[in-house]
Amino acid sequence: MALRGLAGSGPGSRGPLDEAVAADKEREAPAVVVAGATPEDDEEDEGRSRGLLRWDGFSAWLHCVCVVGFDLELGQAVEVIYPQHSKLTDKEKTNICYLSFPDSNSGCLGDTQFCFRFRQSSGRRVSLHCLLDQFDKDLPVYLKKDPAYFYGYVYFRQVRDKTLKRGYFQKSLVLISKLPYIHFFHTVLKQIAPEYFEKNEPYLEAACNDVDRWPAPVPGKTLYLPIMGVVMKVRIPTCHDKPGTTQIVQLTQQGDAHISVILPTVHEVDLFRCFCPVFLHSQMLWELVLLGEPLVVMAPSPSESSETVLALVNCISPLKYFSDFRPYFTIHDSEFREYTTRTQAPPSVILGVTNPFFAKTLQHWPHIIRIGDLKPAGEIPKQVKVKKLKNLKTLDSKPGVYTSYKPYLNRDEDIIKQLQKGVQQKRPSEAQSVILRRYFLELTQSFIIPLERYVASLMPLQKSISPWKSPPQLRQFLPEEFMKTLEKTGPQLTSRIKGDWIGLYRHFLKSPNFDGWFKTRRKEMTQKLEALHLEALCEEDLLLWTQRHTEVETVDLVLKLKNKLLQADREHLPVKPDTMEKLRTHIDAIILALPEDLQGILLKTSMT
């Protein structure tokens with residue numbers, strides 16, 4: 001495997017990060033601008049009325065686009081990175097190279113689409129996209145960007161070509177992004193990849209320019225995204241949407257003649273198609289994912305492995321899966337040694353693999369799902385059985401769920417009958433997915449509601465919030481106290497499923513998913529307390545307070561209030577806009593009541 005230099009054509013330009021951070025250096029050394037670019041390029045691109053720099057629109061959706069090819073001497077190689085100023089470390093390029101091609105044993109002839117996820121190199125400079133962080137806060141927790149990871153969306157083509165020494169044309173077009181919008185990016189690749197393989201770099205440059213003109217990925221807005229003559233209509237979910245619903249029905253009633261593609265979802269996979277071989281055990285798999293248990297999916301190709309891993313992660317929605325997951329993992333991955341070592345217990349991670357070598361390397365893992373080829377919609381494969389781990393010898397072993405795990409909950413026979421009936425009646429896979437997704441949603445909600453109710457009780461009463469004291473602290477989460485609440489307000493109120501719910505909760509409270517969920521909730525509640533404290537301050541007559549206190553105390557109050565405003569802005573506290581305005585008015589009134597010399601100093605601090 002080797003890394004080639006950039007072979008892309010078209011104008012390079014300074015990245016928005018470089019514009020913001022290295023402006024002074026650029027004044028001294030203009031030669032750092034990539035060849036072919038002019039300083040005016042950043043300002044003159046059409047559509048810049050939004051106040052964005054060149055490539056800011058692109059960066060809101062993608063980090064970069066890579067073309068990975070196969071060279072007889074070099075092996076897999078990055079042939080093109082576009083835009084040319086995009087930064088990837090050597091380690092990141094190496095990961096992209098190996099993850100963009102199926103393992104040789106997969107035998108993927110024709111076109112194949114799949115997805116991978118890899119760790120961002122440590123020490124990478126963080127992007128200054130504050131605007132995007134603003135959008136991130138309105139997303140459901142399971143769609144928020146993870147700053148430590150990139151996604152790679154792959155369109156791989158392998159076809160016979162007698163003109164090449166190897167006898168095959170092998171190439172991947174790869175979109176690298178922070179956004180987990182699996183269905184959306186696979187749809188984009190379907191639109192552009194086949195034509196790219198015919199027309200090469202100029203076509204790729206034109207497609208990237210189209211992406212650069214897209215509106216920002218604002219949650220809750222209907223977005224029209226043109227790319228190479230096709231217009232896609234999408235809506236990114238928000239944290240305020242009712243779980244399990246989609247707004248796309250309302251969108252499609254408007255009769256848009258110019259719309260080529262309407263996407264009902266940006267992130268969901270075909271859940272039933274993925275769970276089809278194992279749907280008898282879907283509830284047990286839900287438990288394993290919920291508890292963050294180490295899980296391996298062994299599949300015949302990257303498409304099957306990545307879809308199944310993503311379906312597993314998706315099955316506990318609206319809870320976020322907080323551990324690591326790799327839809328497609330190879331022996332060349334930079335974390336291979338870390339995840340396959342036998343010197344310690346397997347980590348909390350879900351891996352999707354295709355190489356037979358993993359059957360031996362990962363045979364000490366406690367839960368392994370071995371699946372065959374996923375059938376087209378409408379066909380149902382033979383249901384796999386739960387088998388003992390010692391029976392798993394190679395990747396050629398029969399499909400099955402290899403585990404000694406005993407589920408806490410009794411199996412829900414109703415959902416199995418409903419899905420089996422759907423198969424007999426040839427119900428479309430989409431409809432089967434809706435049924436299965438609703439079942440998982442109701443199961444997750446029944447599990448999480450008692451936790452939400454208990455955590456809400458840890459919030460101090462509003463009357464305990466004083467404007468003249470620091471905001472009160474949340475009460476501590478006490479597992480035994482929580483367990484006692486389950487007798488009267490447990491999952492039995494919303495779920496018909498029987499079993500050892502208490503045991504499931506005890507196990508969950510020790511899992512990474514509980515840790516991540518509780519940290520998120522605690523942060524939200526702490527921010528709510530800060531917001532309520534701000535509102536309490538606004539209701540006070542602060543000017544009257546200053547008349548009873550010294551100038552030193554008044555100056556101290558002004559500085560503290562300014563810090564509060566900065567904090568509210570920086571942390572996106574859930575404060576009403578009029579509260580912020582009131583507080584600014586209070587600060588201005590207090591400053592004007594002070595002597596002129598102090599006014600000058602305090603007004604200066606507002607400017608900095």
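Residues numbered from 1 in each chain as written. Predicted model: local features only at pLDDT ≥ 70, side-chain atom pairs only at ≥ 80, totals over all residues. Heavy atoms only, no water.

## Notes on the sheet that holds strand β10 (residues 324-326)
The six strands lie next to each other as β10-β11-β9-β12-β14-β13, forming an open sheet whose pairing is mixed. Only two strands of the sheet have a single neighbouring strand rather than two, namely β10 and β13 (385-387). Across the sheet, the mean angle separating the axes of adjacent strands is 15° when strand polarity is ignored. Each of β9 (295-298), β11 (349-353), β12 (367-370), β13 and β14 (400-403) is contacted by helix α11 (residues 282-290), which is oriented at about 45° to β14, the strand it contacts most. Packed onto the sheet, helix α12 (residues 302-314) meets β9, β10, β11 and β12 and runs at close to 160° relative to β11. (Pairing = 2+ DSSP bridges. Helix = DSSP H or I, 4+ residues; strand = E, 2+ residues; numbered from the N terminus. Axes fitted to C-alpha atoms, helices over the stretch in contact; angles between N-to-C directions. Contact = heavy atoms within 4.5 Å.)

## Considerations on the pattern of salt bridges
One pass over the full model with this rule turns up 29 salt bridges. For Asp-146, the salt bridge is made with Arg-117, and the minimal N-O distance between the two is 3.6 Å. Within this pair, whereas Asp-146 is found in the loop between α6 (130-136) and β4 (149-160), its partner Arg-117 is found in strand β3 (residues 110-119), the two being separated by 29 residues in sequence. Residue Asp-146 is classed as partly exposed on the basis of its relative accessible area, which comes to 26%. For Arg-117, a relative accessible area of 4% puts it in the buried group. (Salt bridge = Lys/Arg side-chain N within 4 Å of Asp/Glu carboxyl O. Buried < 20%, exposed > 50% of the residue type's maximum accessible area, 1.4 Å probe, protein only.)

## As for the pairing of β12
Along β12, one buried face is formed by His-367 and Ile-369 and the opposite face, lined by Ile-368 and Arg-370, is buried too. Both β9 and β12 contribute to a ladder of three bridges, which runs parallel. Looking at β12, one finds that Met-298 is bridged to Arg-370. Alignment of β12 against β14, held across four bridges, turns out to be antiparallel. Looking across to β14, one finds that Ile-368 is bridged to Tyr-402.

## Here we look at the layout of surface pockets
The space that makes up the second largest pocket amounts to roughly 370 Å³. If you go around the second largest pocket, you meet 23 residues; those closest to its centre are Tyr-142, Tyr-151, Pro-180, Val-313 and Phe-325. Mapped by element, the contributors of at least two residues to the lining of the second largest pocket are β4 and α12. Looking at the lining of the second largest pocket, the element that brings in the most residues is α12, giving three residues. Its residues placed into classes, the lining of the second largest pocket shows 13 nonpolar, four polar and six charged. (1 Å grid on protein atoms, 1.4 Å probe; cavity = no way out; pocket = protein on both sides within 12 Å on 5 of 7 lines; lining within 4 Å. Points joined across faces, edges and corners; volume = space filled by probe spheres on them. Nonpolar A, V, L, I, M, F, W, Y, C, P; charged D, E, K, R; others polar.)

## Brief notes about the packing of aromatic side chains
All chains considered together, the criterion is met by 39 aromatic pairs. With 6.0 Å between their ring centres and 50° between their planes, Phe-329 and Phe-358 make a pair best called tilted. Of this pair, Phe-329 sits in the loop between β10 and α13 (336-340) while Phe-358 sits in helix α14 (residues 357-361), placing them 29 residues apart in sequence. Neither residue differs from the other here; Phe-329 and Phe-358 are each classed as buried. Through successive ring pairs, a cluster of aromatic residues spans Trp-286, Phe-447, Tyr-454, Phe-477, Phe-482, Tyr-505, Phe-508, Phe-514, Trp-517 and Phe-518. Its guanidinium or amino end placed over the ring of Tyr-149, Arg-117 lies 3.9 Å from that ring's centre, counting from NZ or CZ. Its guanidinium or amino end placed over the ring of Phe-150, Lys-178 lies 4.5 Å from that ring's centre, counting from NZ or CZ. (Phe/Tyr/Trp six-rings, centres within 6.5 Å; stacked < 30°, edge-to-face > 60°. Lys NZ or Arg CZ within 6 Å of the ring centre and 35° of its normal.)

## Points about the pairing of β14
Burial of the side chains of β14 extends over both faces: Gly-400 and Tyr-402 are buried on one face and Val-401 and Thr-403 on the other. Pairing geometry for β13 and β14, over three bridges, is parallel. From the neighbouring strand, Lys-385 faces β14, where its bridge partner is Gly-400.

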